[in-house]
Amino acid sequence: MEKEQTATRFAAIFNGLQCAYGTYTIDKSQAEGKRKGRAQVLKTVRTTSTWIGHLSGKGVAIGIVPINEDDCCVWGCIDIDTYSLDHHKLIQEIRRREMPLVVCRSKSGGAHCFLFTKSWISAKLMQDALTHMSAVLGYGGSEIFPKQIKLYLDRGDVGNFLNLPYYDAEDGMRYGIQDDGTSATLEVFFEMYEKYVQTPEQVEAILLEEANSNLIISDGPPCLQTLCQQKIGEGSRNNGLFNVGVYLRKAFPDTWDTELMGYNQRFFDPPLPLAEVMIIAKQLQKKDYTYKCKDAPINAHCNSTVCRTRKYGVGDGEGSAKSVANLRKYNSTPPVWFVDVNGVPVELDTEALMNQAAFQKTCVDQLNSYPRSVKRDVWENAMNRLLKEMTETEGAVIDASQDSSITGQFYDLLEDFCTAMQQAESREEILLKRPFTDEETSTTMFRLKDFQAYLNKNKFNEYKPHKIAQRMRDIKGSPTSIFVKGKAVRIWEIPSFKTFDKEGLATKTQGYGREPF
């Protein structure tokens with residue numbers, strides 16, 4: 001009973017999507033500390049025994065999609081993927097900034113910084129709060145869970161899961177870390193949860209505090225705001241002042257050089273010598289530079305989503321720049337792809353992934369939004385980056401069910417045609433475009449042209465007539481002729497669907513000889 005209660009309590013804390021969850025099996029470790037394994041997404045509900053298996057280490061390691069069927073969350077996470085991370089130092093910084101985060105060691109030695117809430121909040125609010133906190137902590141650009149702010153479950157997309165802590169709770173390496181840097185037992189983790197769990201109003205206050213503190217560079221990149229608030233120290237001053245100068249040239253085109261001197265005195269500790277400030281000013285005079293978003297010190301404090309909305313941010317406040325991330329692939333035939341555009345999943349075919357114009361059309365169809373065009377090499381580099389990240393992300397490539405394959409779709413439509421349509425009560429009614437099932441022979445008869453018309457009506461155009469014929473031969477069907485009212489009528493005769501097991505695909509697949517997808 002105690003195991004069941006513990007599992008139930010743990011499951012409630014990490015509640016999320018109910019219709020699917022992830023599993024992860026470790027195969028080996030890489031030299032840099034990253035542990036390699038095999039990730040899967042199981043489209044089934046979790047049971048108490050599933051959770052007990054996770055906590056005991058005798059079952060599969062569970063990964064949960066934090067966003068539920070209503071696009072809400074009761075937890076989120078900053079995934080800091082740094083293998084030589086000083087967890088104690090990170091926690092000290094979190095507590096110094098009074099952030100309500102609970103830190104756990106990830107399976108690779110990094111940190112999962114959890115934000116828990118007492119009741120469901122929107123995935124967008126959870127994502128915004130965590131993105132803000134990661135940027136302030138100096139881990140801007142870290143993965144944020146939930147990765148999506150909306151799911152399209154009816155299209156088969158279940159988003160991204162995060163591997164949970166306390167797999168093999170007694171002896172495992174995925175444990176919570178207390179404020180003094182020591183590991184926390186599962187019971188202590190429950191105490192940490194109770195101490196730092198937030199109300200929805202408290203989470204909203206985190207973003208309200210951010211808005212009230214953004215008096216410095218309020219119309220510019222959030223990274224510069226954070227750095228200026230804490231003052232930019234030695235080792236970061238030259239690059240820091242250069243990026244401040246890019247902002248000042250945009251915001252104060254007539255007096256930017258004077259402003260540069262003032263910012264150096266106010267927000268740099270110690271200020272750069274005048275000679276170095278003048279060198280940076282001359283660099284900025286040569287042309288309109290852009291922010292060095294990938295370079296220190298600003299890269300660690302990046303909040304690109306907010307930056308794009310700012311008048312003098314990376315998108316110049318146009319609001320039309322799109323964040324395209326989190327590519328997922330469903331291994332159906334043909335494959336189906338999902339990618340998040342500003343956190344909202346968009347379903348793509350391979351053509352839309354390879355062709356920018358097709359991608360833009362898909363966004364217009366599904367999001368009522370038109371992304372700006374970029375140069376071909378920029379587009380191709382972005383797609384290559386997404387594909388690379390996809391192969392490195394656990395659970396991003398998902399084996400689809402057989403019903404998702406073209407063959408599976410064909411047989412589903414054939415079954416619907418033979419069983420769901422109005423049935424012929426006699427062979428003569430085949431001429432009325434209806435299938436007729438002979439109970440004595442357990443066969444169903446119909447004209448090929450009537451079935452083709454049904455396929456066209458359902459927008460299934462993958463098979464030409466010869467392919468349709470081959471698929472029906474695969475299930476032991478055959479063409480023949482029958483006499484109706486003294487006239488020969490060419491038909492197809494296939495085994496009746498009533499002869500197959502309706503509880504699942506196994507008997508049907510064996511009887512039909514379906515292709516593997």
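Since the model is a prediction, treat every value here as computed from it, not as a measurement. (Residues numbered from 1 in each chain as written. Predicted model: local features only at pLDDT ≥ 70, side-chain atom pairs only at ≥ 80, totals over all residues. Heavy atoms only, no water.)

A.B. asks: Looking at this structure, how should I read the packing of aromatic side chains?
C.D. replies: Each aromatic ring pair is described using two quantities: the centre-to-centre distance and the angle formed by the ring planes. Scanning the model with the defined rule gives 26 aromatic pairs in all. Ring geometry for F14 and F189: centres 6.1 Å apart, planes at 5°, overall stacked. Of the two residues, F14 is situated in the loop between helix 1 (2–13) and strand 1 (21–29) and F189 in helix 5 (residues 186–196); the sequence distance between them amounts to 175 residues. Taking relative accessible area as the criterion, F14 reaches 0% and is therefore assigned buried. Overall, F189 belongs to the buried group, its relative accessible area being 0%. Linked through ring pairs, F10, F14, W51, W75, F114, F116, Y166, F189, F190 and Y193 together constitute an aromatic cluster. Sitting over the face of the ring of F242, K292 holds its NZ or CZ atom 4.5 Å from the ring centroid. (Phe/Tyr/Trp six-rings, centres within 6.5 Å; stacked < 30°, edge-to-face > 60°. Helix = DSSP H or I, 4+ residues; strand = E, 2+ residues; numbered from the N terminus. Buried < 20%, exposed > 50% of the residue type's maximum accessible area, 1.4 Å probe, protein only. Lys NZ or Arg CZ within 6 Å of the ring centre and 35° of its normal.)

A.B. asks: How should I be thinking about unusual backbone geometry in this particular structure?
C.D. replies: Outside of glycine, negative phi angles account for most residues, and trans bonds account for most peptide bonds. Omega for the bond connecting D269 with P270 falls within 30 degrees of zero, at -5°, which places this linkage in the cis form. The residue P270 is located in the loop between strand 12 (268–269) and helix 10 (274–286) in this model. Between A296 and the following residue, P297, the backbone shows a cis peptide bond with an omega angle of 5°. Among the structural elements, P297 can be located in the loop between helix 10 and helix 11 (304–307). With a phi close to 70°, K231 is a non-glycine residue in the positive phi region. Locating K231 in the fold gives a position in the loop between helix 7 (222–230) and strand 11 (232–233). For K231, a relative accessible area of 42% gives the class partly exposed. Of note in this structure, N342 is not a glycine but carries a positive phi near 55°. The class for N342 is partly exposed, based on a relative accessible area of 36%.

A.B. asks: So what exactly am I meant to see when it comes to the sheet that holds strand 14 (residues 336–341) here?
C.D. replies: The strands making up a sheet associate through hydrogen bonds between their backbones, and the pairing can be parallel or antiparallel. Across the sheet, four strands lie side by side as 15-14-13-16; this open sheet has mixed pairing. At either end of the open sheet lies a strand with only one pairing partner, and these are strand 15 (344–348) and strand 16 (397–398). One ladder, built from two bridges, connects strand 13 (residues 324–330) with strand 16; its direction is parallel. From the neighbouring strand, K329 faces strand 16, where its bridge partner is V397. Contacting strand 13, strand 14 and strand 15, helix 13 (residues 356–367) crosses the sheet at an angle of about 125° to strand 15. Lying over the sheet, helix 14 (residues 376–392) contacts strand 13, strand 14 and strand 16, oriented at roughly 60° with respect to strand 13. (Pairing = 2+ DSSP bridges. Contact = heavy atoms within 4.5 Å. Axes fitted to C-alpha atoms, helices over the stretch in contact; angles between N-to-C directions.)

A.B. asks: Sorry, what's going on with the nonpolar core here?
C.D. replies: In this structure, L101 and C113 are the most contacted members of the largest nonpolar core, which totals 38 residues. Of all the secondary structure elements, the ones that give two or more residues to this core are strand 4 (72–80), helix 3 (87–96), strand 6 (111–122), helix 4 (123–137) and helix 6 (200–213). Counting residues per element, this core draws most heavily on helix 4, which supplies eight residues. Residues contacting C113, with those up to four places away along its chain left out, are G76, C77, I78, I80, L90, I94, L101, V102, V103 and L130. Counting residues in hydrophobic clusters, the runner-up holds 30 residues, among them A11, L55, V74 and L186. (Core = buried A, V, L, I, M, F, W, Y, C linked by side-chain atoms within 4.5 Å.)

A.B. asks: So what exactly am I meant to see when it comes to the confidence of the model for the protein chain here?
C.D. replies: As a note on interpretation, predicted positions should not be read in detail where pLDDT is low. In the predicted model, the protein chain carries a mean pLDDT of 86, and 89% of its residues have values of at least 70. Looking over the protein chain, one finds the lowest element-wise mean pLDDT in helix 18 (residues 506–512), namely 36, and the highest in helix 5, namely 98. This stretch, residues 501–517, has a pLDDT under 50; its non-local contacts, to residues over four places away or in other chains, come to 35 contacts. (pLDDT = per-residue confidence, 0-100.)

A.B. asks: Would you mind showing me how to read the sheet that holds strand 18 (residues 443–446) here?
C.D. replies: Taking strand neighbours across the sheet as the criterion, the four strands line up as 17-18-20-19 in an open arrangement whose pairing is antiparallel. Among the strands making up the open sheet, the edge pair consists of strand 17 (436–438) and strand 19 (478–484). Looking at each pair of strands side by side, their axes are set apart by 35° on average, direction ignored. Where strand 18 and strand 20 (residues 487–495) come together, four bridges link them in antiparallel fashion. Directly across from T444, in strand 20, lies its bridge partner I494. Its contacts with the sheet place helix 15 (residues 406–419) against strand 17, strand 18 and strand 20, and it is angled at close to 90° to strand 18.

A.B. asks: Looking at this model, I keep getting lost on helix 9 (residues 256–267). Mind explaining?
C.D. replies: An α-helix turns once every 3.6 residues. As a result, residues three or four positions apart point the same way. Here helix 9 contains 12 residues, and its C-alpha end-to-end distance of 16 Å stays within 8% of the 16 Å for a straight helix at 1.5 Å per residue. Of all the residues in helix 9, the buried ones are W256, L260, Y263, N264 and F267. Buried residues in helix 9, looked at end-on, bunch into an arc of 105°, giving them a common side. When the buried face of helix 9 is taken as reference, the exposed residues oriented beyond 90 degrees from it are T258 and Q265. (Expected span 1.5 Å × (residues − 1). Arc of directions from axis to C-beta.)

A.B. asks: Help me understand the packing of helix 8 (residues 237–251) against helix 9 in this model?
C.D. replies: Helix-helix packing is characterised by the crossing angle of the two axes and by the distance between the axes. Orientation of helix 8 relative to helix 9, taken along the N-to-C sense of each, is 140°, at an axis distance of 9 Å. In terms of orientation, helix 8 lies oblique with respect to helix 9. Helix 9 is crossed by helix 8, and the crossing has right-handed handedness. Of the residues in helix 9, those touching helix 8 at L241, V244, G245, Y247, L248 and R249 are W256, E259, L260, Y263 and N264. Each residue belonging to the contact of helix 8 with helix 9 can be placed in one class, and the counts come to seven nonpolar, two polar and two charged. (Parallel < 35°, antiparallel > 145°, perpendicular 65-115°, else oblique. Left-handed = near helix turned anticlockwise from the far one by under 90°. Nonpolar A, V, L, I, M, F, W, Y, C, P; charged D, E, K, R; others polar.)

A.B. asks: Please clarify how the pairing of strand 20 should be interpreted in this entry.
C.D. replies: Strand residues, when the strand is regular, have side chains that alternate between the two faces of the sheet. As paired strands, strand 19 and strand 20 are joined by seven bridges and run antiparallel to one another. Paired with F483 across the bridge in strand 20 is A488.

A.B. asks: I would appreciate a short explanation of helix 7 in the present structure.
C.D. replies: Burial of helix 7 is extensive: seven of the nine residues sit out of reach of the surface. When helix 7 is considered as a whole, its buried residues turn out to be P222, C223, L224, Q225, T226, L227 and C228. At the exit of helix 7 stands K231, carrying a positive phi of roughly 70°.

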